[in-house]
Amino acid sequence: MDKCPHCGSAKGLYSKYTLYGLQRYYGFDGSCEDSMDNAYPKGGQILYCQSCDRVICKLEDWEGEQNER
């Protein structure tokens, strides 16, 4: 697959997921750091077109197609 079957865009794909366990640390000086040591994603199994936001395919199907190349 090299373009969206809906709109024809070649911009790319994206997935939607929620990141759980992300820790954000704040310094007294206003600085901020994120720690992803214990973070894990939930979702992200469906890929969408970056241009038209329509569903393209399942992530596992796309990964399988990429491995065949």
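Residues numbered from 1 in each chain as written. Predicted model: local features only at pLDDT ≥ 70, side-chain atom pairs only at ≥ 80, totals over all residues. Heavy atoms only, no water.

Asker: Describe the sheet that holds strand β5 (residues 55-58), and please don't skip the residues or the numbers.
Answerer: Two pairing modes exist for strands in a sheet, parallel and antiparallel, and in both the strands are linked by backbone hydrogen bonds. In space, the 3 strands of this open sheet follow the order β1-β4-β5, with antiparallel pairing throughout. A single partner strand is all that each edge strand has here, and the edge strands are β1 (13-20) and β5. Averaged over all pairs of adjacent strands, the angle between their axes in this sheet comes to 35°, without regard to strand direction. Lying over the sheet, helix α1 (residues 59-68) contacts β1, β4 (40-49) and β5, oriented at roughly 75° with respect to β5. (Pairing = 2+ DSSP bridges. Helix = DSSP H or I, 4+ residues; strand = E, 2+ residues; numbered from the N terminus. Axes fitted to C-alpha atoms, helices over the stretch in contact; angles between N-to-C directions. Contact = heavy atoms within 4.5 Å.)

Asker: So what about the pattern of salt bridges? Which residues, and what values?
Answerer: A complete count under the given rule lists 1 salt bridge for this structure. In this structure, Asp34 engages Arg24 in a salt bridge whose closest nitrogen and oxygen atoms are separated by 2.6 Å. In this pair, Asp34 is assigned in strand β3 (residues 32-35) and Arg24 in strand β2 (residues 23-26), connecting sequence segments 10 residues apart. Exposure remark for Asp34: the relative accessible area of 42% places this residue in the partly exposed category. Since its relative accessible area comes to 45%, Arg24 is described here as partly exposed. (Salt bridge = Lys/Arg side-chain N within 4 Å of Asp/Glu carboxyl O. Buried < 20%, exposed > 50% of the residue type's maximum accessible area, 1.4 Å probe, protein only.)

Asker: For the environment of Thr18, give the residues involved together with the corresponding values.
Answerer: In this structure, Thr18 sits in strand β1. Classification of Thr18 as partly exposed rests on a relative accessible area of 40%. When the C-alpha atoms of Thr18 and Gly44 are compared, they prove to be 8.0 Å apart, with 26 residues separating the residues in sequence. With near-sequence residues (within four places) excluded, Thr18 lies in contact with Tyr40, Pro41 and Lys42.

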